[in-house]
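Spelled out from the first residue to the last, the chains are:
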Amino acid sequence: MDFTFSEEQQAAAEAAAGVFADVVPDGVPSPADTTGAVADDFDRALWARLAEADLLSLLLDEEYGGAGLDAITLCLVLRESAKVLARVPLLESSAAAATVQAYGGKELRSALLTRAGRGDLVLTVAAHGRTGHDPAELAVTARRDGERWVLDGVQTAVPWAYNADLVVVPAHTDDDRTVLALVAPDRDGVVRAEQISTTGERLAELRLESVPIAVVDVIEADGAWEWLRDLLTAGTCALSLGLGTAVLRMTSEYTGKREQFGYPVATFQAVAVQAADRYIDLRAMEATLWQAAWRIASGAPGALPAAADLAVAKIWAAEGVRRVVQTAQHLHGGFGADTDYPLHRYHAWAKHLELSLGPAAAHEEALGDLLAAHPLG
């Protein structure tokens, strides 16, 4: 498989690196120093710079002011964002807008997409279900009532729910279908309860109590939720890769300067072997991510469904990012826990990403089921 990126994809990644170059991971209070949220809002100034660089409209068609690029491009940009712990809803808003474009009605596309691409409209997604362990599409019910849908249920850990203009909520219908409803989080019948992530960011439990949604604001097309969920998964794996890359670089720089017995600790065999193991983790995370992103972007068939590639990517991302930050903490010694040094923030963000991806054992079981259902050879 040739994973050489196109000129357009490379240009997007370079533009993102330029925008994120001035972002300081310690730009908000440390989650270790506060019991509440580290900030009330995401980084609006950075969001505006992303819009100016046309990085919020990468997946949108030209008629909506976009570049018409693909999931691989988005993952490249997300990888850069995670290197500096960028506090913006880039993944959620981009994935939601792309789903509206691919599956939404003409009226909905016209109303939302140009504004979303300019950064004037912020979207997020409720993707974690009632508890974080159950399917998100089963946590909310949707019933048709004349010219509207009515939603009831609970979604947990919704990112940016206090700052986004619309939340994309998957919901289960009586005839065993999944629809996507675009819900304003401040409308009647929607109750938000604050939850704090390990990163210190403000999440929300979203409780929907007979919330009426106009038919035009509901996506009923088959496959919409599955495609959105897969894009969110690939994007989260990209964030894990970017974070892990930054942490390993930080560790390399530290161990190259830190001396014991008159030599840099990086020259000690035990240190070098641990760093090499984590480098292998990152290369595996990278290969499995691009394979999964390519399946989403191309729709190409394979011996197994694309869900298998995503399962493998999640296994490596969830375990790999945890191992990278744990080794980094170990090799930094007590310095890694110093809140004046950024490593503890990367550790907190890595834990959030690991929890968002879910346990590797569950993905291994899902992969086993796919292998059983689609025998190879």
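Predicted model only: the values in this text are computed from it and were never measured. (Residues numbered from 1 in each chain as written. Predicted model: local features only at pLDDT ≥ 70, side-chain atom pairs only at ≥ 80, totals over all residues. Heavy atoms only, no water.)

Colleague: Looking at this structure, I do not really get the overall build of the chain. What am I missing?
Modeller: A tally of helices and strands in the chain yields 10 helices and 10 strands. For 377 residues, the compact-globule estimate of 2.2 N^0.38 gives 21 Å, and the C-alpha radius of gyration of the chain, at 21 Å, lies within 12% of that figure. With the principal axes as the frame, the chain shows a C-alpha extent of 80 × 55 × 40 Å. By residue count, 51% of the 377 residues in the chain fall in the buried class. Long-range pairs, those at least 24 residues apart, make up 74% of the contacts in the chain with a sequence separation of at least 6. As displayed, the chain offers around 16,400 Å² of accessible surface, 50% of which is attributable to carbon and sulfur atoms. Once the 30 positive and 53 negative side-chain charges of the chain are each reduced to a mean point, those two points are 2 Å apart. (Helix = DSSP H or I, 4+ residues; strand = E, 2+ residues; numbered from the N terminus. Rg over C-alpha atoms; globule rule 2.2 N^0.38 Å. Buried < 20%, exposed > 50% of the residue type's maximum accessible area, 1.4 Å probe, protein only. Contact = heavy atoms within 4.5 Å. Areas by Shrake-Rupley, 256 points an atom, 1.4 Å probe, with all protein chains shown as cover. Lys, Arg positive; Asp, Glu negative; His and termini not counted. Charge placed at Lys NZ, Arg CZ, Asp CG, Glu CD.)

Colleague: Mind showing me how you'd approach helix H9 (residues 343-357) here?
Modeller: Because each turn of an α-helix spans 3.6 residues, side chains separated by three or four positions end up pointing in the same direction. Counted at 1.5 Å a residue, the expected span for H9 with its 15 residues is 21 Å, and the 21 Å between its end C-alpha atoms agrees. Taken as a whole, H9 has its buried residues at Leu 343, His 344, Arg 345, Tyr 346, Ala 348, Trp 349, Ala 350, Leu 353, Glu 354 and Leu 357. On the buried face of H9, the contacting elements are helix H3 (71-83), helix H6 (224-257), helix H8 (306-332) and helix H10 (360-373). Phi for Gly 358, located one or two positions after H9, is positive at around 90°. (Expected span 1.5 Å × (residues − 1).)

Colleague: Explain empty space enclosed by the protein to me, please; I cannot follow it from the model alone.
Modeller: In this approach, a probe sized like a water molecule rolls over the atoms, and the result shows the empty space that is left. Applying the stated criterion across every chain yields a total of 3 cavities of 30 Å³ or more. Of the volumes computed, that of the largest cavity is approximately 40 Å³. Lining the largest cavity, in full, are Ala 39, Asp 40, Asp 41, Phe 42, Arg 87, Trp 160, Asn 163, Glu 201 and Arg 202. Each residue belonging to the lining of the largest cavity can be placed in one class, and the counts come to 3 nonpolar, 1 polar and 5 charged. (1 Å grid on protein atoms, 1.4 Å probe; cavity = no way out; pocket = protein on both sides within 12 Å on 5 of 7 lines; lining within 4 Å. Points joined across faces, edges and corners; volume = space filled by probe spheres on them. Nonpolar A, V, L, I, M, F, W, Y, C, P; charged D, E, K, R; others polar.)

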